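# What the coordinates show
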Amino acid sequence: MRFPRTLSLYLAREMSLFTLLCFSGIAFVLVCQQLLERLETLLEVGLDGPHALLVLQYVFAILAPHALPMAFAFGVTLAVGRLAAGREILAMRSLGNGLTALVVPALALGLAVVALTGWLVRDVEPHARVSLRRMLTELALRGSIVQEGRFRGVEDRVIFVEERTAEGELHGIVIYDRTTPERSFALFARGGRLESDDATGVLHLSLERGTIAIDAPDEAPPRVRSVRFETARYSVAAESLLDDRHDRRNPDELAFHELARVIARIDAGQTLEGVRKPRRDLYELERHRRLAAPLAAPAFGLVAIGLGLATPRRSRSLAILACTAAVFGFYGLTSLGRYLTREHRILPALAIWVPMLVTAIVALVVLRRGGRRVAP
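These numbers were taken from a predicted model, which means no experiment stands behind them. The residue numbering used here restarts from 1 in each chain and proceeds along that chain's sequence as written. Only residues with pLDDT of 70 or above have their local features reported here, since the model is predicted, and side-chain atom pairs are shown and tallied only from 80 upward, although totals for entire chains, interfaces and linings are computed over all residues. The basis for every side-chain value is the complete set of non-hydrogen atoms in the structure, without hydrogens or water.

Our next topic: the packing of aromatic side chains. Any two rings among Phe, Tyr and Trp, with Trp reduced to its six-membered ring, count as a pair given centres within 6.5 Å; such a pair is stacked if its planes are under 30 degrees apart, edge-to-face if over 60, and tilted if neither. Tallied over the full model, the rule gives six aromatic pairs. Seen from their ring centres, Phe330 and Tyr331 are 5.1 Å apart, and the 80 degrees between their planes marks the pair as edge-to-face. For each residue, the accessible area found with a 1.4 Å probe, counting protein chains only, is set against the maximum for its type, and the residue is called buried under 20%, exposed over 50%, and partly exposed in between. The exposure class assigned to Tyr331 is partly exposed, which follows from its relative accessible area of 22%. Every member of this aromatic cluster is reached through a ring pair, and the members are Phe300, Phe330 and Tyr331. The positively charged end of Arg122 is found above the aromatic ring belonging to Phe256, 4.1 Å away from the centroid. Counted as over-ring charges are cases with an Arg CZ or a Lys NZ within 6 Å of the ring centre that also lie within 35 degrees of the ring normal.

Take a look at the structure:
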């Protein structure tokens, strides 16, 4: 029998349109959720309009690889459901076109999603994570974190500035420092200026006309020493303002080839530079995640086709609910596996590939059941 090219193009177009609509909705929800979680930090660094657009761009790039497979699953489910509701599946069956006519365009579109997701998760996502953290650090280095009239807790420090002018001059500065508990001190200065060192990621406060009150509890009797100064310099690392490190990256911030390089260095017993965590399994876990993430799309697509065909025509909402359960079940198993890996309970490969295997088995089962309904 001749391959139904026109029908396949029509089905691929239907699936693409629904996938695009679902991607828009899912991406919007995920981006809003991430922005709300980061809202406090964004407000603290004094985010302006241009930087807000960059944050939106970076967050979207981080979440797109996760939203694409989910959107493909729901898009295919909705497309098959619409075709069945319009009796187009019945027309295909009467013309001798069975399950293959649906699977081929879905797999072709799924391969395109695989390629796009693979590019995003390997290259775009880690670059966006690094760029977002770097931009927030740069905003902190510019001094946006120091806001007038507010006490700002920074690790074991409290910083207060009564007034900050547009020229960057500071007035009425109070600093309480307990980074060394046995020698804590309070600093009072009439004025000063904020300076930053981009190379080292350090904020410097150049202070003028003030007093340092040093607490000496180890002395007998305990007392407070007071020292006056005309000029002084107080420094704080910008990464401590954002609970981050200036020069070290997490596994999800490394490029794919850098993950392999870090794993090789750990296996060779070499020292690690530029990374935050020395555990080999965390880098191996991230490597397997990036290999498996693109493959979720075709697996979801087959599950969606089977669910769309197996569900009665008058109960299409059940297909959406079942698809939702399958998608969230996959990501739930993956999250559980990653947690167990971090707790040294299972191997990184099992944490990532077992959920993928379970999804593939579910896809074959529901596809076989749904295929019986469209067998010519």
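Additional details are given in the paragraphs that follow.
With that settled, consider the pairing of strand 3 (residues 169-177). When DSSP finds two or more bridges between two strands, those strands count as paired. Helical segments are the DSSP runs of H or I of at least four residues, strand segments are the runs of E of at least two, and each set is numbered from the N terminus. Judged from the seven bridges that link them, strand 2 (residues 157-164) and strand 3 form a sheet pairing that is antiparallel. When the sheet's bridge partners are listed, Arg157 is paired in strand 3 with Asp177.

The next point concerns the pattern of salt bridges. Salt bridges, as used here, are contacts in which a Lys or Arg side-chain nitrogen is within 4 Å of a carboxyl oxygen on Asp or Glu. Following the criterion strictly, the structure yields 13 salt bridges and no others. We note a salt bridge from Arg280 to Glu284, for which the minimum N-O separation is 2.6 Å. One end of the pair, Arg280, and the other, Glu284, are both in helix 8 (residues 280-292), four residues apart, so they sit about a helical turn from each other. What makes Arg280 partly exposed here is its relative accessible area of 31%. Several salt bridges converge on common partners, so that one network encompasses Glu125, Arg129, Asp252, Glu286, Arg289 and Arg290.

This part takes up unusual backbone geometry. The bulk of non-glycine residues show a negative phi, and the bulk of peptide bonds are trans. Not every positive phi belongs to a glycine, and Arg209 is a case in point at roughly 50 degrees. The phi torsion at His344 lies on the positive side, around 65 degrees, for a residue other than glycine. With respect to the element layout, His344 can be found in the loop between helix 10 (316-342) and helix 11 (348-371).

Moving on, we get to the environment of Asp123. Residue position: Asp123 is located in helix 5 (residues 100-141). Expressed as a C-alpha distance, the spacing of Asp123 and Ala255, which sit 132 residues apart in the sequence, is 6.3 Å.

So, on to a nonpolar patch on the surface. The patches reported here contain residues having more than 30% relative accessible area and no salt bridge. Joining distances are 9 Å for like charges and 5 Å for nonpolar side chains (Val, Leu, Ile, Met, Phe, Trp, Tyr). For accessible areas, the Shrake-Rupley method is used with a probe of radius 1.4 Å. Any residue's cover is judged against the shown protein chains and nothing else. Residues Leu333, Leu336, Tyr339, Leu347, Leu350, Val354, Val358 and Val362 make up a contiguous nonpolar surface patch of about 680 Å² in total accessible area. Among the elements of the structure, helix 10 and helix 11 are those that each provide at least two residues to the nonpolar patch. Its place among the elements puts Val362 in helix 11.

This brings us to helix 7 (residues 256-267). Counted at 1.5 Å a residue, the expected span for helix 7 with its twelve residues is 16 Å, and the 17 Å between its end C-alpha atoms agrees. What helix 7 keeps buried is the set Phe256, Glu258, Leu259, Val262 and Ile263. Buried residues along helix 7 cover an arc of 160 degrees about the axis, so they all sit on one side. Two residues or fewer past helix 7, Gly269 is found with a positive phi of approximately 75 degrees. Here a helix's expected span is defined as the number of its residues, less one, multiplied by 1.5 Å. The arc in question is the one spanned by the directions pointing from the helix axis to the C-beta atoms.

Glancing now at the confidence of the model for the protein. As a note on interpretation, predicted positions should not be read in detail where pLDDT is low. On a range of 0 to 100, pLDDT expresses the predictor's confidence in each residue. Per-residue confidence for the protein averages 81 on the pLDDT scale, and 80% of its residues sit at or above 70. Taken element by element, the predicted model of the protein shows its lowest mean pLDDT in helix 6 (residues 238-241) (60) and its highest in helix 8 (92).

So, about the nonpolar core. Residues belong to a common nonpolar core when they are buried Ala, Val, Leu, Ile, Met, Phe, Trp, Tyr or Cys residues joined through side-chain atoms within 4.5 Å. Counting 62 residues, the largest nonpolar core has Met15, Phe23, Ile26, Val76, Leu102, Leu132 and Ile305 as its most contacted members. With 18 residues, helix 3 (residues 49-85) is the largest single contributor of residues to this core. In what follows, residue pairs with any heavy atoms lying within 4.5 Å of each other are defined as contacts. In this structure, Ile26 is in contact with Ala67, Met70, Ala71 and Phe74, ignoring residues within four places of it in sequence. Leu170, Phe185, Leu207 and Val236 belong to the second-largest nonpolar core, a separate cluster that totals 16 residues.

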